[in-house]
There are 2 protein chains.
Amino acid sequence: MAKRTRIKDLLNTTEFGQQVTVMGWVKTFRNNQFISINDGSSINNIQAVVDFNSTDESLLKRLTTGAAIAIEGEIIESLGKGQRVEVKVSRLEILGDSDAEKFPLQPKKHSLEFLREIAHLRFRTNTFNAVFKVRHALAYAVHKFFNDKGFVYMHTPIITASDAEGAGEMFRVSTFDPDNIPRNDDGTINYKEDFFGKATNLTVSGQLEGELAAMAFGDIYTFGPTFRAENSNTTRHLAEFWMIEPEMAFYDLNDNMDLAEELLKYLIRYAINNCSDELEFLKSRLLEEEKQKPQNERSELDLLAKLNFCLDNDFERITYTEAISILRNSKPNQKKQFKYLIDEWGADLQSEHERYLVEKHFKKPVILTNYPAEIKSFYMRLNEPDAEGRRTVGAMDILFPGIGEIVGGSQREERLEKLEGRMAELNIPTEEMSWFLDTRRFGSAPHSGFGLGFERLVLFVTGMTNIRDVIPFPRTPKNAEF
Amino acid sequence: MAKRTRIKDLLNTTEFGQQVTVMGWVKTFRNNQFISINDGSSINNIQAVVDFNSTDESLLKRLTTGAAIAIEGEIIESLGKGQRVEVKVSRLEILGDSDAEKFPLQPKKHSLEFLREIAHLRFRTNTFNAVFKVRHALAYAVHKFFNDKGFVYMHTPIITASDAEGAGEMFRVSTFDPDNIPRNDDGTINYKEDFFGKATNLTVSGQLEGELAAMAFGDIYTFGPTFRAENSNTTRHLAEFWMIEPEMAFYDLNDNMDLAEELLKYLIRYAINNCSDELEFLKSRLLEEEKQKPQNERSELDLLAKLNFCLDNDFERITYTEAISILRNSKPNQKKQFKYLIDEWGADLQSEHERYLVEKHFKKPVILTNYPAEIKSFYMRLNEPDAEGRRTVGAMDILFPGIGEIVGGSQREERLEKLEGRMAELNIPTEEMSWFLDTRRFGSAPHSGFGLGFERLVLFVTGMTNIRDVIPFPRTPKNAEF
C-alpha cells in the first residue's frame, strides 16, 4: 500500500477527493459499515465507511475492537454527526486480529484500577492517550524553556556513591551474587570487590552534581529519573520518578522564585496551547469523576479554569513565619480539625496545612520561604537570625492546589565555613564530599536551584488523581511489572 | 549590583557605552590590568580592564585563576587583538577566592586523564565547556526532531524485572540488608520480601516497553539512561549511558533506515548550525592531538570536514551477505592482517571489520542489513530463507567512521508464532513476557525501531576519543566518583 497518512493530519484536511492510506486500530465497528479507527496520533478517531456488499464477509467479521488494519480510500466530507471528514474505503487489509473474547479493552468504560493492571494496553484508551500526550508536551516544553534561556542540560549520574540530601531510603546497586558476597577478614562486606569498588545506590537527586556544573556553566538543568525506596503506598508517591532540577550561579532566592514561577506558568501555558483536544477530554473526564463525589468535595473550578487561574495570578509569596501565624489563627486549627495542630514556630508543615493555605486561605499557588534551619537540608543558605534570634534558611517551596508541594528549592550555602558547620551539626562526613566543598573553595559564588517533580506537574495539568496514572509503568512497593 | 548580562550576549553587542554587570570566573589576570572572565555561557571570555591606580592592591591580588568575581563597567570597543569588545571596570567585587597554590586548574594545558580525576572542575576548561555545550545541543535536537514529527516521548522504566534482550550483565537493585537477606525454607532468597516483591535490575534497554507504546501511539521514542554491568575498561564502554530508542508502528526495515539516517543527519546539522564556536575549538584541539600521532594514523579529514562529509553522502546500504563477500576478498583478510579472519558466512563482525568497511572500502557511513538470525536478538523479524536456505533477520546496524556501530535496530517480529518459536529456541520464558506477546495477540502490525547510543554520537560530533570525556560523571568498573 502507499505511504500512510496520520489520522491527526487527515482530520484537519480540506482536500476532499484525495486518495489516502490509513493504518491503525479498530475502536468500534457499527452497522457492518462504519469503522472507527485510531492510530494514536490524535485522541480523535477517523471514521471509515466500507461497502459491505462488495466486501468479503469473513473480512468484516475480523473488524473487532483492537484489530490492526490498513485501508485505502477517498477522503470525503462526512454527513454523520461528530466528524467533518471520513474515508470511503476501496481496499481493506487486516494486519493483526484481536480476538473479541480475549481482548481486555472493550468499548466501554474501564476503571483506572483495572487499567493499571494492564498498563501495557491502557495506552490505547482515550484517557491514557490524552495523559501521555500531555506528558510528552510538558517534557518537550521543559527542554524548550531551558534551551531558549541558554541553560545547559546535564545528565547527572543515576548510580552514585553519595547520598545527596539524606532525602530518604535508597536502593542498593550491586553486581554481587547475593548468595556469595565477598567478605573481609572481620566479616564485613568487601565492597572493593563490587563492580564500582564501593557501595553504590540509585540517586535521590542530581542537585549536588548539578551545582558543580552550575559553577562552571552558570545555568544548567537536569531532567532525569530519581528514586526513593520508601515503603509508602499513596496516590502521590512513586519509587521511581522524574525530576527537573535547575541550578543557577549568581541567583539569589528571589531570582530562584522568579524562575520557578516563570517555568511553571510557561509549562501550563504550553500545554493549554498545544494540547487543547486532550485537555478538553480530560476536563470532561474529571467532571464525570467528580459527579461521584459529594457536592462539597467537588472542585470549584474545572480543569481548564484551574490551569488558567494559575496563569492569571501571581503566586503568593510568604515566609514560613507568616504561614505559621495564619495557620495558628485558622479555623481548622482553632476548631481542632487539623490532624496535626499548629502551635509552636518550628513545626514541620503537613499536607493539610499546605492545602489550607493554598486552597482555602489564598486560593492560589503559594511560595513559602525562609523555613527553620532545623527542618531543612544542610546545603540551604543560612539567613541572619531573625528578630527573635531564630535560625532560618533561604528555602522556597511552591504549593499547588490539589498537589501540595510541587517545587522545593533554596539559595545554596556558598560560604565554606557555614556549610562545613552545618554538615558537622548533621554528622555529614565532609571528607567524602570534598568534591562538593571544592565549589566553595575555588571561586564560590551565590547560587540557587530547585527541584520540580515531573509527575506531580503532570498530575496537576491532566487532573488525574493517582500518580500511577501519569507515568507509563509505575514502580511502587511490590510492583515492578512490565 | 544590577542584573548581570551573560558574556555570550555581551560578546555580540554593538551597544558601546552601555553600563553592564558581569559575573564569572577569572581565567587569567595579566599586567595587573587585563582580566579574562568566563561565565560558562560561551566558550569565549570577555576581557575586563581595571585601573590599577585606583583599585585597592589587596583586591588585585585576589584576581587569581578560578576566583569568582562581579564587575560593573562600560562596554567599550577593544583595541587589543582577539576581541571586539571589552569592559572598562568601574566596580569590582570578589565573590569567592581561589587559592592559586591549591586550585588544580592552572592556565596551562592539562591532560584529559588528569581532568578525569577532577571531573567536578573540568567543566571550567575550554575543552569541556565545548564538549558539554555540544552534548546539550544534540540532546535538545533529539527532542526537537521527534517532537516536530509527532513522536511521543516515553519514559520507560529504569528498574525492571525483565531482561529486555539478554543484552549483557545487569546491575541488581534491592533494598535487602546484605547482612541479613531473607530466605525461604529451602535456603533460597525470598525475593517476595524485597522492595518490589521480586528480583529487579537496572534496565539494559527501553525497547520492549517502547514497543508496547508504539502499538498504541504509532510513533514513540525514549531517551533515558541504560546500564551494562560488563567489566570492560575500554574507551568506548560505560556502565551507565544514555540511549535514544524510537519505535514506530507500520514501519518496515526501509522506513526504519530512512528515519535513522534522517535523524543522524539532522543532529549533525543541528550541531554545525548551533555550535560553530565549540566545533571550531574542538577541530583545533583534535588537530593538536593528532600531531602526536604518526602521519599514517592521522585522520584524512578534520572534524568539520568529517561532519559535513556525513551530511553530503547517502549512507551506503548493503546486506550482511554482501559485506562478508567484500571482507573475505579484502586485502587485510587475504594478508591475514585482521585479528579475526573472515571465512564463513555467519561470522559475527568485529570492530576491525566494521571500520574496514566504513573507513577503507566505502569511506562513508554504512548500513548493514539482514544479519544471520543466529547472531541477533529474538525479537528481530525473520526473513524468508535466502537462495542458499540461510536464515536471516531484518536487522540494520549503522556504522560510523572512528566509532563503529552507532545505531542498532531492526524490523520487529510481529507474527506471534514466529516470535514464540524464536523465544523457545533461545529458552526465553514466554510466561513472564506475556505482556510483550500481548502486542502480537491483539492488533499486531509490522513495526520497527532502533537504538542510538547518545555518548557515541557525542564522541563522533566532538571528535573526542574517550567516551569518559563526553558524559559528565562517567561510571566504569571501580569508578563511581562524585
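Residues numbered from 1 in each chain as written. Chains lettered and ligands numbered in written order. Predicted model: local features only at pLDDT ≥ 70, side-chain atom pairs only at ≥ 80, totals over all residues. Heavy atoms only, no water.

1. Overview of the overall build of chain A
Part 1 of the reasoning: The secondary structure content of chain A amounts to 14 helices and 16 strands.
Part 2 of the reasoning: The dimensions of chain A, computed from C-alpha atoms along their principal axes, are 85 × 60 × 45 Å.
Part 3 of the reasoning: Taking all 482 residues of chain A together, 59% fall into the buried category.
Part 4 of the reasoning: By sequence separation, contacts in chain A at least 24 residues apart represent 69% of the contacts at least 6 residues apart.
Part 5 of the reasoning: Carbon and sulfur atoms make up 45% of the accessible area of chain A, which amounts to about 19,800 Å² in all.
Part 6 of the reasoning: Chain A carries 60 positive and 74 negative side-chain charges, and their two centres are separated by 5 Å. (Helix = DSSP H or I, 4+ residues; strand = E, 2+ residues; numbered from the N terminus. Buried < 20%, exposed > 50% of the residue type's maximum accessible area, 1.4 Å probe, protein only. Contact = heavy atoms within 4.5 Å. Areas by Shrake-Rupley, 256 points an atom, 1.4 Å probe, with all protein chains shown as cover. Lys, Arg positive; Asp, Glu negative; His and termini not counted. Charge placed at Lys NZ, Arg CZ, Asp CG, Glu CD.)

2. What about the pairing of strand β14 (residues 392-400) of chain A?
All names here are of chain A.
Part 1 of the reasoning: Burial of β14 is extensive: 9 of the 9 residues sit out of reach of the surface.
Part 2 of the reasoning: Pairing geometry for strand β13 (residues 366-372) and β14, over 6 bridges, is antiparallel. Bridge pairing in β14 links Val366 to Leu399.
Part 3 of the reasoning: Of the strand pairs in this sheet, β14 and strand β15 (residues 404-412) are connected by 6 bridges, and their pairing is antiparallel. In the sheet register, Met396 faces β15, and the bridge partner there is Gly409.
Part 4 of the reasoning: If you look at the hairpin formed by β14 and β15, you'll find 3 residues sitting between the two strands, and Gly402 has a positive phi there, around 80 degrees. (Pairing = 2+ DSSP bridges.)

3. Topic: the relation of the copies chain B and chain A
Part 1 of the reasoning: Structural alignment of chain B on chain A gives an RMSD of 0.0 Å, achieved by rotating through 180 degrees and translating 0.0 Å along the axis. This pairing of chains is accounted for by a two-fold axis. When each C-alpha of chain B is compared by its distance to the rotation axis, B:Val173 comes out closest, at 2.5 Å.
Part 2 of the reasoning: Most of the interface of chain B is mirrored in chain A, where 100% of its interface residues again form contacts. (Least-squares fit on C-alpha atoms with pLDDT ≥ 70 in both.)

4. Section: the environment of B:Arg355
Residues and elements named next belong to chain B.
Part 1 of the reasoning: Its place among the elements puts Arg355 in helix α12 (residues 351-362).
Part 2 of the reasoning: Residues Arg355 and Thr127, 228 residues apart in the sequence, show an inter-C-alpha distance of 27 Å.
Part 3 of the reasoning: Once residues lying within four places of it in the same chain are set aside, the contact partners of Arg355 are Lys360 and Gly402.

5. A word on the pattern of salt bridges
Part 1 of the reasoning: Across all of its chains, the model carries 76 salt bridges over all chains by this definition.
Part 2 of the reasoning: Note that B:Glu316 and B:Lys364 form a salt bridge whose closest N and O atoms lie 3.4 Å from each other. Within this pair, whereas B:Glu316 is found in strand β12 (residues 316-319), its partner B:Lys364 is found in the loop between α12 and β13 (366-372), the two being separated by 48 residues in sequence.
Part 3 of the reasoning: A residue is classified by how much of its surface remains accessible, and B:Glu316, at 24% relative accessible area, is partly exposed.
Part 4 of the reasoning: B:Arg390 serves as the salt-bridge partner of B:Asp386, at 3.1 Å between the closest nitrogen and oxygen.
Part 5 of the reasoning: For B:Arg390, a relative accessible area of 21% gives the class partly exposed.
Part 6 of the reasoning: The network of salt bridges with shared partners includes A:Asp258, A:Glu261, A:Lys265, A:Asp314 and A:Arg317. (Salt bridge = Lys/Arg side-chain N within 4 Å of Asp/Glu carboxyl O.)

6. Describing the confidence of the model for chain A
Low-confidence regions, as indicated by low pLDDT, have predicted coordinates that should not be scrutinised in detail.
Part 1 of the reasoning: The share of residues in chain A with pLDDT of 70 or more is 99%, and the mean pLDDT across the chain is 95.
Part 2 of the reasoning: Across the whole predicted complex the pTM is 0.97, and at the interface the ipTM reaches 0.97. (pLDDT = per-residue confidence, 0-100.)

7. What to know about the interface of chain B and chain A
Part 1 of the reasoning: At the junction of the two partners, chain B supplies 117 residues and chain A supplies 117 residues.
Part 2 of the reasoning: Interface area for chain B against chain A, summed over the two sides, is near 8,900 Å², with a carbon-plus-sulfur share of 62%.
Part 3 of the reasoning: At the surface where chain B touches chain A, the tally comes to 10 salt bridges.
Part 4 of the reasoning: With a closest N to O distance of 2.4 Å, A:Asp219 and B:Arg6 form a salt bridge.
Part 5 of the reasoning: At the boundary of chain B with chain A, the tally comes to 46 residue pairs in polar contact (both at pLDDT 80 or more).
Part 6 of the reasoning: Among the elements that make up the side of chain B that touches chain A, the one with the highest residue count is helix α5 (residues 126-148) of chain B (12 residues).
Part 7 of the reasoning: Grouping the constituent residues of the side of chain B that touches chain A by class yields 58 nonpolar, 27 polar and 32 charged.
Part 8 of the reasoning: Strand direction decides the pairing type here: strand β8 (residues 172-174) of chain A and strand β8 (residues 172-174) of chain B, joined by 3 bridges, are antiparallel. The residue of β8(B) that forms the bridge with A:Arg172 is B:Ser174. (Buried area = accessible area lost by both parts, 1.4 Å probe. Polar contact = N/O pair within 3.5 Å; in protein donor to acceptor, adjacent residues only side chain to side chain. Nonpolar A, V, L, I, M, F, W, Y, C, P; charged D, E, K, R; others polar.)

8. Some remarks on the domain arrangement of chain A
Residues and elements named next belong to chain A.
Part 1 of the reasoning: Its domain assignment divides chain A into domain 1 (7-105) and domain 2 (124-169 + 204-469).
Part 2 of the reasoning: Between the C-alpha centres of domain 1 and domain 2 the distance comes to 45 Å.
Part 3 of the reasoning: Between domain 1 and domain 2, the contact holds 11 residues from the first and 8 residues from the second.
Part 4 of the reasoning: When domain 1 packs against domain 2, the two sides together hide about 770 Å² of surface, and 49% of this comes from carbon and sulfur.
Part 5 of the reasoning: For the domain 1 face of the interface with domain 2, the top three residues by lost area are Lys27, Ile43 and Leu105, together amounting to 61%.
Part 6 of the reasoning: For the pair domain 1 and domain 2, the interface holds 0 salt bridges.
Part 7 of the reasoning: Counting the contacts that link domain 1 with domain 2 gives 5 residue pairs in polar contact (both at pLDDT 80 or more).
Part 8 of the reasoning: Here the residues of the side of domain 1 that touches domain 2 are counted per class, giving 4 nonpolar, 6 polar and 1 charged. (Domains from an automatic or database assignment.)

9. Let's talk about the sheet that holds β14(A)
Residue and element names in this part refer to chain A.
Part 1 of the reasoning: Strands sit in the order β6-β10-β11-β16-β15-β14-β13-β12 across an open sheet of 8 strands; the sheet is mixed. Across the chains shown, the open sheet's two edge strands, defined by having one partner strand only, are β6 (152-153) and β12 (316-319).
Part 2 of the reasoning: Sheet topology places β6 next to strand β10 (residues 219-227); 2 bridges connect them, and they run parallel. Paired with Tyr153 across the two strands is Tyr221, which belongs to β10.

10. Points about the sheet that holds strand β1 (residues 19-30) of chain B
Residues and elements named next belong to chain B.
Part 1 of the reasoning: Strand order in the closed barrel formed by 5 strands is β1-β2-β3-β5-β4, and the pairing between neighbours is mixed. The mean inter-strand angle of the sheet, taken between neighbouring strand axes irrespective of direction, is 55 degrees.
Part 2 of the reasoning: As paired strands, strand β2 (residues 34-38) and strand β3 (residues 46-49) are joined by 4 bridges and run antiparallel to one another. Note that in β3 the partner of Ile35 across the bridge is Ala48. (Axes fitted to C-alpha atoms, helices over the stretch in contact; angles between N-to-C directions.)

11. Brief notes about the nonpolar core
Part 1 of the reasoning: Ranked by internal contacts, the top residues of the largest apolar core, which has 256 residues, are A:Leu279 and B:Leu279.
Part 2 of the reasoning: Counting residues in each nonpolar core, the second largest holds 23 residues, with A:Leu10, A:Val20, A:Val26 and A:Val85 among its members. (Core = buried A, V, L, I, M, F, W, Y, C linked by side-chain atoms within 4.5 Å.)

12. Observations concerning the pairing of strand β1 (residues 19-30) of chain A
Residue and element names in this part refer to chain A.
Part 1 of the reasoning: Direction of pairing for β1 relative to strand β4 (residues 68-77): antiparallel, over a ladder of 7 bridges. Opposite Gln19, over in β4, you have Glu74 as the bridge partner.
Part 2 of the reasoning: Bridge count between β1 and strand β2 (residues 34-38): 5 bridges; the pairing is antiparallel. Each bridged residue has a counterpart across the sheet, and for Trp25 the counterpart in β2 is Asn38.
Part 3 of the reasoning: Between the antiparallel neighbours β1 and β2 lie 3 residues, among them Asn31 with a positive phi of about 55 degrees.

13. Observations regarding the side chain of A:Asn190
Part 1 of the reasoning: With respect to the helices and strands, A:Asn190 occurs in the loop between β8 and β9 (200-202).
Part 2 of the reasoning: Not counting residues up to four positions away in its chain, the partners in contact with A:Asn190 are A:Phe176, A:Pro182, A:Arg183 and A:Asn184.

14. A few points about the packing of aromatic side chains
Part 1 of the reasoning: Taken as a whole, this structure holds 59 aromatic pairs over all chains when the rule is applied.
Part 2 of the reasoning: Summarising the aromatic geometry, the rings of B:Phe338 and B:Tyr356 are spaced 5.9 Å apart at their centres and angled 90 degrees between planes, so their arrangement reads as edge-to-face. Of this pair, B:Phe338 sits in the loop between α11 (331-334) and α12 while B:Tyr356 sits in helix α12; the two residues are 18 residues apart in sequence, bridging distant segments of the chain. Each member of the pair, B:Phe338 together with B:Tyr356, is buried.
Part 3 of the reasoning: The ring of A:Phe460 has A:Lys306 sitting right over it, with the charged end atom 4.2 Å from the ring centre.
Part 4 of the reasoning: Taking NZ or CZ as reference, B:Lys376 lies 4.2 Å from the ring centre of B:Tyr371, over its face. (Phe/Tyr/Trp six-rings, centres within 6.5 Å; stacked < 30°, edge-to-face > 60°. Lys NZ or Arg CZ within 6 Å of the ring centre and 35° of its normal.)

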